[in-house]
Amino acid sequence: SGDFSDLREIKKQLLSVAERSRERGLQHSGKWASELAFALDPLPLSELPPPPALTEEDARDLDAYTLAKSYFDLKEYDRAAYFLRGCKSQKAYFLYMYSRYLSGEKKKDDETVDSLGPLEKGQVKNEALRELRVELSKKHKARELDGFGLYLYGVVLRKLDLVKEAIDVFVEAAHVLPLHWGAWLELCNLITDKEMLKFLSLPDTWMKEFFLAHIYTELQLIEEALQKYQSLIDAGFSKSTYIISQIAVAYHNIRDIDKALSIFNELRKQDPYRIENMDTFSNLLYVRSMKPELSYLAHNLCEIDKYRVETCCVIGNYYSLRSQHEKAALYFQRALKLNPRYLGAWTLMGHEYMEMKNTSAAIQAYRHAIEVNKRDYRAWYGLGQTYEILKMPFYCLYYYRRAHQLRPNDSRMLVALGECYEKLNQLVEAKKCYWRAYAVGDVEKMALVKLAKLHEQLNESEQAAQCYIKYIQDIYSCGELVEHVEVSTAFRYLAQYYFKCKLWDEASACAQKCCAFNDTREEGKALLRQILQLRNQGETSSTDIAAPFFLPASLSANNTPTRRVSPLNLSSVTP
């Protein structure tokens, strides 16, 4: 059941399923089970699981199986399948079918690498799939497939794009053999949203917890995922490198970069030769522009294994950070030659082509990323950007919307959507997007400026001034002074606005601020001269004019959404 009270029993199950997976050539599921088992306390000799019992059929097929397995391990799949013809036992039959499947996959990959650049993938088919499907479906109808057999049948169906049938078969496989991680993982790749997840009848086993945590991470339901992983750690899996890496990936997905970086560094201490997930780590280093660390990581992985997909992506990121985009694209292409279904590389390659202004290649790369995984918001966002460059706002809108559906709380998607609506002259929609982007926590601090400019266009000067004020408070409160181009724009607008309202003190304070920036210096000086003249002529500061409701009052801390400095006391923050 779904409880973790008996960790010894779980450890036994993991050890035995790891062994059974290895006997069938399922390396990754075996590795996953072994890694989890390693995180639990060792068992005494008396409690170790016994080797699987052999049946009559197993004994009859033993010689053929032993020979074929040695060929299989040497990747001679056709040869392995030849010696397994006619075997009846479950284990030998699985290896026979799996050898034929892998032989087809290998031929397909060799074909792709030889004939085509990585942008033509997906045209070559695995020839063996149809025959395998026919034979496996006969066995399936006769109820002769065990958990591993069902898993293979599901994979064949997925490769033939029969998604609905594949999901049913994987669910059945999870019921028959809940300990086989491969089947769960395949399910993760086929479920596209929370609704689909609700309708699956999954077996109630402790493995389901790992599955749910994984799928929540994939579906960007990060809060739920982190809760699940925390409860797994509390249950006794605190040493599991798998869980640690998943938590790091989850923090990466919600852009909590510092947290993710520290967890990845911890992970590398525990498992220094690990290569998987290191491309995600390199994305974080890239976003933070940490050149020395990224360079170190790239060299380190190169020493461990130069021809791994992840290594190629890390090196690609390293060259991209150094603005050597041709070289970067080359490494992402190499990654795709190694594994055409590798999602990250397609998206990153799209970004490189964008940098090189090659929009058509970028579009193709992003489309491939989406073919591999519909949930990759970066690819949808990238497509939006390419069509923006091509000045096709309606296309843009579609792709940004898809990206926004996948990441409803990401301000970058919202700002992009707002810009789109603005181009299509749907200003009300644009305003909503910018306001929402500000509300969810604006990463790039641009939403308010864009909103203010919209209000300016619509002659809504009060709202415009209010947005600029909030924007200035935002910039000054986060301590990054004057890195933003728009600060001067904001001060210039506010100076003119206060000037119109005849609030001389505020106007001259803002005008003085304008003098600190190159692009607004002259206007600031001119305004100060005008204010001086008017004051000398005895124009008093306006009190009777219906000064807009928000003026000094709304600048006090209580009206603004968060604790902020009042920007009108500007003497303290001279740049």
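Residues numbered from 1 in each chain as written. Predicted model: local features only at pLDDT ≥ 70, side-chain atom pairs only at ≥ 80, totals over all residues. Heavy atoms only, no water.

**Considerations on the UniProt feature "repeat: TPR" (unreviewed entry) in the protein chain**
Part 1: According to UniProt, the "repeat: TPR" (unreviewed entry) feature falls on residues 309–342 and 343–376.
Part 2: Counted over residues 309–342, helix gives 79% and strand 0%. Its end C-alpha atoms are 8 Å apart. (UniProt positions renumbered as here; feature names shortened; annotations may be inferred. Helix = DSSP H or I, 4+ residues; strand = E, 2+ residues; numbered from the N terminus.)

**Re the pattern of salt bridges**
Close approach of charged atoms allows side chains of opposite charge to pair.
Part 1: By the definition in use, this model includes 31 salt bridges.
Part 2: In this structure, the salt-bridge partner of E218 is R375, at a minimum N-O distance of 2.8 Å. Of this pair, E218 sits in helix α11 (residues 206–218) while R375 sits in the loop between α20 (359–372) and α21 (377–389), placing them 157 residues apart in sequence.
Part 3: Residue E218 is classed as partly exposed on the basis of its relative accessible area, which comes to 28%. (Salt bridge = Lys/Arg side-chain N within 4 Å of Asp/Glu carboxyl O. Buried < 20%, exposed > 50% of the residue type's maximum accessible area, 1.4 Å probe, protein only.)

**A closer look at the state of the cysteines**
A disulfide bridge is the covalent bond that connects two cysteines by way of their sulfur atoms.
Part 1: Considering all chains together, one arrives at 0 disulfides under this definition.
Part 2: The structure places no disulfide on C514, whose sulfur is separated from the nearest cysteine sulfur, that of C515, by 6.8 Å. (Disulfide = S-S within 2.5 Å.)

**Digging into the nonpolar core**
Among soluble globular proteins, nonpolar side chains are generally buried collectively.
Part 1: If you look at the biggest cluster of nonpolar residues, it comprises 189 residues, and the most contacted ones within it are Y101, F210, F211 and I215.
Part 2: Sequence-distant contacts of F210, defined by excluding residues within four places in its chain, comprise F4, W32, L36, W181, L232, F237, Y242 and I243. (Core = buried A, V, L, I, M, F, W, Y, C linked by side-chain atoms within 4.5 Å. Contact = heavy atoms within 4.5 Å.)

**Here we look at the packing of aromatic side chains**
Part 1: Within the structure shown, the criterion is met by 31 aromatic pairs.
Part 2: Their ring planes at 50 degrees and their centres at 5.6 Å tell us that Y318 and Y319 sit as a pair that is tilted. In this pair, the class of Y318 matches that of Y319, namely buried.
Part 3: Taking NZ or CZ as reference, R85 lies 4.2 Å from the ring centre of Y82, over its face. (Phe/Tyr/Trp six-rings, centres within 6.5 Å; stacked < 30°, edge-to-face > 60°. Lys NZ or Arg CZ within 6 Å of the ring centre and 35° of its normal.)

**Examining unusual backbone geometry**
Part 1: Positive phi outside glycine occurs at N425, with the angle close to 65 degrees.
Part 2: Of note, N425 is situated in the loop between α23 (411–423) and α24 (427–440).
Part 3: The phi torsion at N459 lies on the positive side, around 55 degrees, for a residue other than glycine.
Part 4: Within the secondary structure, N459 is located in the loop between α25 (447–457) and α26 (461–477).
Part 5: Relative accessible area serves as the criterion here: at 68%, N459 is assigned to the exposed category.

**Section: the side chain of T205**
Part 1: The topology assignment puts T205 in the loop between α10 (194–198) and α11.
Part 2: Judged by its relative accessible area of 10%, T205 is buried.
Part 3: A polar contact is formed between the side chain of T205 and the backbone nitrogen of M207, at a distance of 2.8 Å. (Polar contact = N/O pair within 3.5 Å; in protein donor to acceptor, adjacent residues only side chain to side chain.)

**Some remarks on the packing of helix α28 (residues 504–514) against helix α29 (residues 521–536)**
Part 1: Where α28 meets α29, the closest approach of the two axes is 8 Å, and the angle between their N-to-C directions is 155 degrees. As summarised for this structure, α28 and α29 are arranged roughly antiparallel, according to the angle between their axes. In this structure, α28 meets α29 at a crossing whose hand is left-handed. Where α28 approaches α29, its residues W504, D505, A507, S508, A511, Q512 and C514 are matched on the opposing element by R521, G524, L527, L528, I531, L534 and R535. (Axes fitted to C-alpha atoms, helices over the stretch in contact; angles between N-to-C directions. Parallel < 35°, antiparallel > 145°, perpendicular 65-115°, else oblique. Left-handed = near helix turned anticlockwise from the far one by under 90°.)

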